[in-house]
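# Structure at a glance
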Amino acid sequence: QGQLVESGGGLVQAGGSLRLSCTASGRSFSSYHMGWFRQAPGKEREFVTAISWSGGSTRYADSVRGRFTISRDGAKNTVYLQMNNLKPEDTAVYYCAADLRGLGYWEERIIGYWGQGAQVTVSS
């Protein structure tokens, strides 16, 4: 059974940066697309970004495009989320995700593997 573990969350001021990491273990995720969702208090979990198994394709939500960058290191079984120019509305629990389905299909209900979540808080 595979496991995803996030790290790197925290508190940052608006305009600052954070990098989240997600390390996969327990099985091979080399053929899995990986990505991130987030859930703010009182809101539904929403798609943020995803990267293909090869790293050659990415997809971003409009709200983060140009500010967030996803990348992966296959040798380390790790995916990263670099978040720049953070805004208070980015405050949420960020969840790492993995699935075999194509990036265009990524929504909460289809994801096969989830991490436990990492809190990101952006103060104004």
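Now for a quick tour of the structure. (Residues numbered from 1 in each chain as written. Predicted model: local features only at pLDDT ≥ 70, side-chain atom pairs only at ≥ 80, totals over all residues. Heavy atoms only, no water.)

### So, the side chain of serine 21
Secondary-structure assignment places serine 21 in strand β3 (residues 18-25). Residues within four places of serine 21 in sequence aside, it is in contact with Val5, Glu6, Ser7, Trp36, Thr78, Val79 and Tyr80. (Helix = DSSP H or I, 4+ residues; strand = E, 2+ residues; numbered from the N terminus. Contact = heavy atoms within 4.5 Å.)

### Quick look at the sheet that holds strand β1 (residues 3-7)
Strand order in the open sheet made by the 4 strands is β1-β3-β8-β7, with antiparallel pairing throughout. Taken across any chain shown, the strands that pair with only one partner, and hence form the sheet edges, are β1 and β7 (68-73). Averaged over neighbouring strand pairs, the angle between their axes works out to 15° when direction is ignored. As defined by bridge partners, β1 adjoins β3 across 5 bridges and the pair is classed as antiparallel. Among the inter-strand pairings, glutamate 6 is bridged to a residue of β3, identified as cysteine 22. (Pairing = 2+ DSSP bridges. Axes fitted to C-alpha atoms, helices over the stretch in contact; angles between N-to-C directions.)

### Re the state of the cysteines
Tallied over the full model, the rule gives 1 disulfide. What pairs with cysteine 22 in a disulfide is cysteine 96, and their sulfur atoms sit 2.0 Å apart. Its torsion about the S-S bond being -80°, the disulfide of cysteine 22 and cysteine 96 is classed as left-handed. Separated by 74 residues along the polypeptide, cysteine 22 in strand β3 and cysteine 96 in strand β9 (residues 92-99) bring together distant segments of the chain. (Disulfide = S-S within 2.5 Å.)

### Observations concerning the nonpolar core
In terms of nonpolar packing, the biggest core is built from 38 residues, with Leu4, Trp36, Met83, Tyr94 and Trp106 touching the most fellow members. At the level of elements, β3, β4 (33-39), β5 (46-51), β7, β8 (78-83), β9 and β11 (118-123) are the ones that each hand at least two residues to this core. (Core = buried A, V, L, I, M, F, W, Y, C linked by side-chain atoms within 4.5 Å. Buried < 20%, exposed > 50% of the residue type's maximum accessible area, 1.4 Å probe, protein only.)

### Side note on the pattern of salt bridges
Where charged atoms from two side chains of opposite charge approach closely, those side chains can pair. The final tally for this structure, using the stated rule, is 7 salt bridges. The closest approach of N and O atoms between aspartate 90 and arginine 38, which form a salt bridge, is 2.9 Å. With aspartate 90 in the loop between β8 and β9 and arginine 38 in strand β4, this pair connects stretches of sequence that are 52 residues apart. The salt bridge partner of glutamate 108 is arginine 45, with a shortest N-O separation of 3.9 Å. Separated by 63 residues along the polypeptide, glutamate 108 in the loop between β9 and β10 (113-114) and arginine 45 in the loop between β4 and β5 bring together distant segments of the chain. Linked through salt bridges whose partners overlap, the residues forming this network are Arg38, Glu46, Arg67 and Asp90. (Salt bridge = Lys/Arg side-chain N within 4 Å of Asp/Glu carboxyl O.)

### Concerning unusual backbone geometry
The phi torsion of most residues other than glycine is negative, and most of the peptide bonds are trans. Of note, asparagine 77 is a non-glycine position whose phi angle comes to about 50°, a positive value. In this fold, asparagine 77 is placed in the loop between β7 and β8. Even without a glycine there, the phi angle at asparagine 85 is positive, about 50°. Position of asparagine 85 among the secondary structure elements: in the loop between β8 and β9. The partly exposed category is assigned to asparagine 85, whose relative accessible area is 43%.

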